Amino acid sequence: MPNCNSSTLPIVLFDMDGTLLDLSFDDFIWNQCLPERHAQAHQCTLQQSQETLSQFYQQHKHTLSWYSSKYWTAKVGVDVLKLQQEFQHKIQPRSGCFKLLQQLKELGYRCWLVTNADQPSLKLKLENIALRPYFEVMVSSQQLGYAKEDVGFWQSLQQLHSFDPTQVVLVDDTAQVLAGAKQFGIEQLITITQPSSLKPVRELSSLNYPAINHLVELLSFLPQSQVKDVDVKTA
Ligand SMILES: [Mg+2]
């Protein structure tokens, strides 16, 4: 790995759900809890609910609506934010999350959180998992008006917080997000092999980007600072 002065270290952009946090919470809310509550609210069978919701999911996946609790609450007649609050104890970090963030901090890296979670969901996650101290910038796609899959997101982010796309690293578990970032000009893209602890590890051959599982593995992809003499393997 090349050595860098800390002022020339890349900014590390992190996705939240499925990257720093275990996607099992979101899977539980959207694929288990919501169909059950939807079936109760609309007096239909669980299977009917799953079919209805699956159709909605297919229509809206990778759009800003998909990530909006308010949109889903209106669309399906179940308060989705309340549902997330009810089960907030299930929100968990992925393995190595805090170890990595602490090491990056010690090595002098600047970290930004860029999430498709809407602002109320982001707030709820941050109330449960203390990510805030590690981030210089935290942005929800809802604030910018574009989902991260859209090049418009990266353009708006750059207007809000200036950065050179060739001098950042993006870690994100969603292929469509990485594709949008690539189109914008971000070159260093890394994905996650197992976004949800309740689902199998994804095959490396099915992923188009370098992938990590335990988050501390990210350090081997980053240039090491000459300024601080920290052994990242043992620190
Ligand atoms: Mg994600």
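Just above sits the structure.
These numbers come from a predicted model, not from an experiment.

1. Notes on the nonpolar core
Inference 1: Judged by nonpolar contacts, the single largest core of 52 residues is most densely connected at F14, L34, L131, F135, V171 and L218.
Inference 2: Both of domain 1 (3-22 + 93-225) and domain 2 (25-89) provide at least three residues apiece to this core.
Inference 3: Among residues more than four places away in sequence, those in contact with L34 are I29, L53, Y57, V76, V78, V80 and L83.
Inference 4: Counting residues in each nonpolar core, the second largest holds 21 residues, with V114, A181, F184 and I186 among its members.

2. Examining the sheet that holds strand β5 (residues 168-171)
Pairing between sheet strands relies on hydrogen bonds along the backbone, with the strands arranged either parallel or antiparallel.
Inference 1: Overall, parallel pairing links the six strands, which are arranged β4-β3-β2-β5-β6-β7 in an open sheet. Unpaired on one side and paired on the other, β4 (137-140) and β7 (211-212) mark the two borders of the sheet.
Inference 2: As defined by bridge partners, strand β6 (residues 188-192) adjoins β7 across two bridges and the pair is classed as parallel. Bridge pairing links T191 to A211 in β7.
Inference 3: Sitting on the sheet, helix α8 (residues 151-160) is in contact with β2 (11-14), β3 (111-115), β4 and β5, with an inclination near 140° to β3.

3. Considering helix α1 (residues 24-42)
Inference 1: The end-to-end C-alpha separation of α1 is 26 Å, in line with the 27 Å expected for 19 residues at 1.5 Å each.
Inference 2: Burial in α1 covers these residues: S24, F25, D26, D27, F28, I29, W30, C33, L34, P35, H38 and A39.
Inference 3: Summarising the contacts, the buried residues of α1 are in contact with α2 (46-60), α3 (69-76), α4 (80-86) and α6 (119-128).
Inference 4: Looking one or two residues beyond α1, the residue adopting positive phi is Q43, at roughly 50°.

4. Considerations on the side chain of E149
Inference 1: As for its placement among the helices and strands, E149 is situated in the loop between α7 (141-144) and α8.
Inference 2: Buried and unpaired, E149 has no salt bridge, with K148 as the nearest side chain of opposite charge at 7.0 Å.
Inference 3: Within the structure, E149 has its side chain in polar contact with the side chain of Y67 (distance 2.7 Å).
Inference 4: In this structure, E149 is in contact with H62, Y67, N116, T174, Q176, V177 and G180, ignoring residues within four places of it in sequence.

5. Thoughts on the environment of F25
Inference 1: Tracing the chain through its elements places F25 in helix α1.
Inference 2: Taking the relative accessible area as the measure of exposure, F25 reaches 2% and is therefore buried.
Inference 3: Expressed as a C-alpha distance, the spacing of F25 and K90, which sit 65 residues apart in the sequence, is 5.9 Å.
Inference 4: Filtering out sequence-adjacent residues up to four positions away, F25 remains in contact with Q84, F87, Q88, K90, I91 and K125.

Reading guide: rules and limits
Residues numbered from 1 in each chain as written. Predicted model: local features only at pLDDT ≥ 70, side-chain atom pairs only at ≥ 80, totals over all residues. Heavy atoms only, no water. Core = buried A, V, L, I, M, F, W, Y, C linked by side-chain atoms within 4.5 Å. Buried < 20%, exposed > 50% of the residue type's maximum accessible area, 1.4 Å probe, protein only. Domains from an automatic or database assignment. Contact = heavy atoms within 4.5 Å. Pairing = 2+ DSSP bridges. Helix = DSSP H or I, 4+ residues; strand = E, 2+ residues; numbered from the N terminus. Axes fitted to C-alpha atoms, helices over the stretch in contact; angles between N-to-C directions. Expected span 1.5 Å × (residues − 1). Lys, Arg positive; Asp, Glu negative; His and termini not counted. Salt bridge = Lys/Arg side-chain N within 4 Å of Asp/Glu carboxyl O. Polar contact = N/O pair within 3.5 Å; in protein donor to acceptor, adjacent residues only side chain to side chain.

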